[in-house]
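Read off the chains here:
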There are 2 protein chains.
Amino acid sequence: MTEHEAMRRALELAALWPGGGPNPRVGCVLLAPDGAVLAEGHHRGAGTTHAEVDALQRAVAAHGAGAARGATAVVTLEPCNHHGRTGPCVEALLDAGVTRVVYGQQDPNPSAAGGSARLRAAGVDVVGGMLAAEARSLNPTWTRAVGLGRPVVTWKLAGSLDGRSAAADGTSRWISGRSARTDAHRLRAAVDAVMVGTGTVAVDDPDLTVRHVPLDGPPPERVVVGLRDLPAASRLARAAAQGERVHHVRTHDPHAALEALWYLEHRHVLLEGGPTLAAAFWRAGLVDEVVAYVAPVLLGLGTPAVGDLGIGTVADAARLDLLDVTVLPVAEQGGVQDPTDTTTVRLTLRPRKES
Amino acid sequence: MTEHEAMRRALELAALWPGGGPNPRVGCVLLAPDGAVLAEGHHRGAGTTHAEVDALQRAVAAHGAGAARGATAVVTLEPCNHHGRTGPCVEALLDAGVTRVVYGQQDPNPSAAGGSARLRAAGVDVVGGMLAAEARSLNPTWTRAVGLGRPVVTWKLAGSLDGRSAAADGTSRWISGRSARTDAHRLRAAVDAVMVGTGTVAVDDPDLTVRHVPLDGPPPERVVVGLRDLPAASRLARAAAQGERVHHVRTHDPHAALEALWYLEHRHVLLEGGPTLAAAFWRAGLVDEVVAYVAPVLLGLGTPAVGDLGIGTVADAARLDLLDVTVLPVAEQGGVQDPTDTTTVRLTLRPRKES
């Protein structure tokens, strides 16, 4: 197998784990000097062995001690050089006698970087950047978060065509259609934490669980941001009283809230509101993506879906780039559309960088 | 040529005129008893001859007086039986000695109906409904307006993702992207009248002309609804002072406004706002279609794009069926996107009938 073929295989191996949480998806193939595959490995989530160590262990199990001596490690991400829950991969590679390392994506993590320099200093032949774009696309959100040094924030926005999240009397069930509600659970299932403000707990009493969709890993952590206590009768307070994990970050400062979530090893946070909390994140420049569910419904009056963003004039309007538009259809039963349901238009957007 | 082939040809002839205004698009083919085509005709707009008369005149011009004696008229719409600007077609057909009439769509106009009964009473063989769906689709808005006995109303709605039509300081240029603004001119070009309230004249000072797109017929009439006088310095007041046609309907009652436009022979009206006038039309049940331009822009505060629709609770929300979603792209020059422009999402919707 060529090194290029081995990298393609390592990309496949990396994709076997669905990803999420503090660690990226990584795959590794160990090649003998004659190009034979000694072993394959990949990462399987926080606290489990890294891909390189996984492959080294399998090589020893299959071929005996010293199996990787003189081998080439082909790995989708630059081997790490830091002590986390597991030892640094560079030490494991050196200990095993690997003499050549080919990697895809350079490690964007400042605390993990230096892996290739350390390997080169020890006399290992190192080549980086092979199929790097494919390797990065395995972990777009992780790469972004690590580069930012904070969790990536996706803001979920839902409302009527005229920008209302509730009618004049405060009722809001349901503005969006059923498939949009299911889609919002899919969003939750894809992140590490779901975040609301204390005001939303008081008004909407959400439970922030994932329903209607499968979960590949642990459910996202439920996070409340704000200084107020949660009402004792709220779903989240009752869940916490029953020993379920609900994280209350007692701050009004979006930066402080994200720092707390970062140290909880969350790399992707879904901001579900309310408008005050979301506006605070927006004004702080801490929104990386917006998913907006626009229902073909008019309310006229009602609660604005978006709060004060500190924008006074149209020249300062917050402009976003539209990445995707999807129509979420009306639910059908036996080929008949439910007349009480509605389509919903989902827009995925990214805030434009300040010029 | 068979009668079916003649009807296909009549549909083609009808489509030669782009349509609009008080009259439908109609085509006619006159067949001799042996199936030879004696003449073709079609309508070309208000005040010009109807399709049947056009064909009869051409038959005489080509073949001499009496050419249509014993002929079959194949016509996309049931021949009219009323005296408008031109005489009733049934009399012209009878005078010419036509002995058989095959038509597509039945005339939905109560004052024009009775054409086939009158022909039958005179001994003419009449067949209706051939390719009727195709015939109706030539004139969907006209058919709808004539059925309703009032102009069809399309409400143009434009705003930010959070439902604002202007920022906190009242500025609104530009929320939508350039291609959306051009598209809005295309909407104007397709209707008989463009309507705003006196409040919009005072605040936005529109001129309501069609720009940036070709006009197939006369420009739409410019209509202002409301009791207030137009500010003398407003574009519309100055246009009127220069002799241009600007119709001021001095009423607050949407029904009365549409009645006035109906007697001006307008069949399709574009309602461009403001929110108060639009809400009055909505509450009166007089909105037939909504075209919403949603810009990927957030404003937070600002002028709501939609006024009070009289909706207090979400169960009474105004639900619409989504007919189309189109992304109007960013303007490009030499393959480079203009960084100051924005995409806009256009939603075309139809209010759901009350259940």
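Everything that follows concerns the structure shown earlier in this document.
Because the structure is predicted, anything quoted here is derived from the model rather than measured.

(A) Seen up close, the interface of chain B and chain A. Counting residues at the interface gives 47 residues for chain B and 47 residues for chain A. Buried surface at the junction of chain B and chain A, summed over both partners, amounts to about 3700 Å²; 63% is from carbon and sulfur atoms. For the pair chain B and chain A, the interface holds 0 salt bridges. Put simply, chain B and chain A have 20 residue pairs in polar contact (both at pLDDT 80 or more) between them. Of all elements in the fold, only β6 (152-160), β12 (289-295), β13 (297-298), β15 (318-328) and β18 (344-351) of chain B reach the threshold of two or more residues within the side of chain B that touches chain A. The greatest single-element share of the side of chain B that touches chain A, amounting to 6 residues, is contributed by β15 of chain B. Split by residue class, the side of chain B that touches chain A holds 30 nonpolar, 9 polar and 8 charged. As paired elements, strand β15 (residues 318-328) of chain A and β13 of chain B share 2 bridges and run antiparallel to each other. When the sheet's bridge partners are listed, Arg319 of chain A is paired in β13 of chain B with Val297 of chain B.

(B) Highlighting the relation of the copies chain B and chain A. By a simple turn and slide, chain B fits onto chain A: the slide is 0.0 Å along the axis, the RMSD is 0.1 Å, and the turn is 180°. As the rotation angle and translation indicate, the two copies are arranged about a two-fold axis. When C-alpha distances to the rotation axis are compared across chain B, the minimum falls at Gly163 of chain B, with a value of 2.1 Å. With an isologous cut-off of 70% or more, the 100% of interface residues of chain B that recur at the interface of chain A puts this contact in the isologous class.

(C) View of unusual backbone geometry. Residue and element names in this part refer to chain A. Cis geometry is adopted by the peptide bond preceding Trp174, which originates at Arg173 and carries an omega value of -10°. Counting through the fold element by element, Trp174 comes out in the loop between β7 (164-166) and α7 (178-189). Despite not being glycine, His212 has its phi angle at roughly 70°, a positive value. Summarising the element assignment, His212 is placed in the loop between α8 (198-204) and β9 (221-225). Of the residues examined, His212 reaches a relative accessible area of 62% and is grouped as exposed.

(D) Molecular detail of the packing of aromatic side chains. Residues and elements named next belong to chain A. Enumeration over the complete set of coordinates arrives at 2 aromatic pairs over all chains. Ring centres of Trp155 and Trp282 lie 5.9 Å apart, and the angle between their planes is 55°; this geometry places the pair in the tilted category. Within this pair, whereas Trp155 is found in strand β6 (residues 152-160), its partner Trp282 is found in helix α11 (residues 275-283), the two being separated by 127 residues in sequence. A residue is classified by how much of its surface remains accessible, and Trp155, at 2% relative accessible area, is buried. Judged by its relative accessible area of 14%, Trp282 is buried. Over the ring of Trp262 we find Arg267; its NZ or CZ atom is 3.8 Å from the centre of that ring.

(E) Here's a closer look at the packing of helix α2 (residues 51-63) of chain A against helix α3 (residues 89-96) of chain A. Residue and element names in this part refer to chain A. Between α2 and α3, the least distance of the axes is 9 Å, while the angle of their chain directions is 25°. With respect to each other, α2 and α3 are oriented roughly parallel. The chirality of how α2 crosses α3 is left-handed. The residues of α3 that touch α2, namely those facing Glu52, Val53 and Leu56, are Cys89, Ala92, Leu93 and Ala96. Looking at the contact of α2 with α3 residue by residue, the class counts come to 6 nonpolar, no polar and 1 charged.

Rules of the game
Residues numbered from 1 in each chain as written. Chains lettered and ligands numbered in written order. Predicted model: local features only at pLDDT ≥ 70, side-chain atom pairs only at ≥ 80, totals over all residues. Heavy atoms only, no water. Contact = heavy atoms within 4.5 Å. Buried area = accessible area lost by both parts, 1.4 Å probe. Salt bridge = Lys/Arg side-chain N within 4 Å of Asp/Glu carboxyl O. Polar contact = N/O pair within 3.5 Å; in protein donor to acceptor, adjacent residues only side chain to side chain. Helix = DSSP H or I, 4+ residues; strand = E, 2+ residues; numbered from the N terminus. Nonpolar A, V, L, I, M, F, W, Y, C, P; charged D, E, K, R; others polar. Pairing = 2+ DSSP bridges. Least-squares fit on C-alpha atoms with pLDDT ≥ 70 in both. Buried < 20%, exposed > 50% of the residue type's maximum accessible area, 1.4 Å probe, protein only. Phe/Tyr/Trp six-rings, centres within 6.5 Å; stacked < 30°, edge-to-face > 60°. Lys NZ or Arg CZ within 6 Å of the ring centre and 35° of its normal. Axes fitted to C-alpha atoms, helices over the stretch in contact; angles between N-to-C directions. Parallel < 35°, antiparallel > 145°, perpendicular 65-115°, else oblique. Left-handed = near helix turned anticlockwise from the far one by under 90°.

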